[in-house]
Amino acid sequence: MPEWLILSTMFDASNSPITIHYRPRNRSTYITITHNGEVCVRTPIKNEKRIRIILAERESWIRSKLIAIASSNMYYHTLGETIRFRGECLPITQFLHLDEMLKKAKNSVDIEKYYSLFYKNEAYLTLPSRVAYYARKMDLHPKEIRFKKMRRRWGSCSSEGIVTLNTMMMQLSYAHIDYIIVHELAHLRHMNHSKEFHAVVRSVLENERELRRELKQIRIG
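Residues numbered from 1 in each chain as written. Predicted model: local features only at pLDDT ≥ 70, side-chain atom pairs only at ≥ 80, totals over all residues. Heavy atoms only, no water.

> Just to check I follow, could you spell out the sheet that holds strand β8 (residues 162-166) for this structure?
One key point about sheets: their strands pair by backbone hydrogen bonds, in either a parallel or an antiparallel sense. Taken in spatial order, the three strands of this open sheet run β6-β8-β7, and their pairing is mixed. Two strands bound the open sheet, and with one partner strand each, they are β6 (144-148) and β7 (155-157). This sheet shows a mean twist of 15° between the axes of neighbouring strands, independent of strand direction. Pairing geometry for β7 and β8, over three bridges, is antiparallel. The residue bridging Gly155 from the neighbouring strand is Leu165, located in β8. Sheet strands touched by helix α5 (residues 108-138): β6 and β8. Its angle to β6, the strand with the most contacts, is close to 150°. This element, helix α6 (residues 174-186), spans β7 and β8 of the sheet and lies at about 160° to β8. (Pairing = 2+ DSSP bridges. Helix = DSSP H or I, 4+ residues; strand = E, 2+ residues; numbered from the N terminus. Axes fitted to C-alpha atoms, helices over the stretch in contact; angles between N-to-C directions. Contact = heavy atoms within 4.5 Å.)

Okay, structure coming up:
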């Protein structure tokens with residue numbers, strides 16, 4: 001499990017750091033999470049033990065918000081200096097060939113073009129074997145597998161049995177990559193998002209709800 005995810009799920013309502021803003025005029029207690037992961041409480045209650053009891057009741061919600069924030073921060077990078085790759089934000093200098101290519105770039109459009117080419121090459125190297133593995137496991141075999149850069153979706157499955165995967169998914173962790181692959185293969189059986197469809201995905205990936213929720217927080221691009 002990535003370190004950022006471990007730290008997020010370690011929030012403990014009984015002793016984790018929180019910021020309390022005493023608001024005597026408030027009728028209720030309000031919990032907010034700042035963009036840097038600080039848990040803030042606005043409350044008319046003075047007793048911290050009572051406040052932490054309230055936090056314990058919302059602990060699951062707080063953790064989910066912290067995970068979403070950590071995920072968002074995780075995938076932030078500086079164009080030309082870092083790159084999102086396999087669930088991490090890494091310095092370009094770790095990829096010698098890409099680093100050399102970027103030296104030829106004249107503007108941000110060129111940089112993005114080289115990034116896209118890098119993801120495309122990595123997709124062709126990585127994804128076919130993972131698709132083949134899950135296709136065998138699920139006994140669902142696409143007529144054809146295509147790879148292309150897409151702006152609005154991570155993957156698709158046509159009624160003709162053609163599965164298309166977004167090469168930009170090489171930005172993601174293997175857990176999220178596998179979820180997308182299994183998701184699209186499941187459409188070969190159910191061309192919808194019914195309970196039956198999600199049951200197929202869950203039969204392969206028990207934590208599919210968690211993965212689906214996390215993926216919604218990650219921006220393509």
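> Could you clarify how one ought to interpret the nonpolar core in this entry?
Where a protein is soluble and globular, its nonpolar side chains tend to be buried together. In this structure, Leu127, Met138, Trp154, Leu165, Met169 and Ile181 are the most contacted members of the largest nonpolar core, which totals 45 residues. Sorting the residues of this core by element identifies β4 (82-85), α4 (96-102), α5, β8, α6, α7 (195-204) and α8 (208-216) as the ones contributing at least two each. In terms of residue count, α5 provides more of this core than any other element does, eleven residues in total. Not counting residues within four places of it along the chain, the set of residues in contact with Leu127 comprises Phe147, Leu165, Met169, Met170, Ile177 and Ile181. Counting residues in each nonpolar core, the second largest holds 13 residues, with Ile31, Val41, Ile45 and Ile51 among its members. (Core = buried A, V, L, I, M, F, W, Y, C linked by side-chain atoms within 4.5 Å. Buried < 20%, exposed > 50% of the residue type's maximum accessible area, 1.4 Å probe, protein only.)

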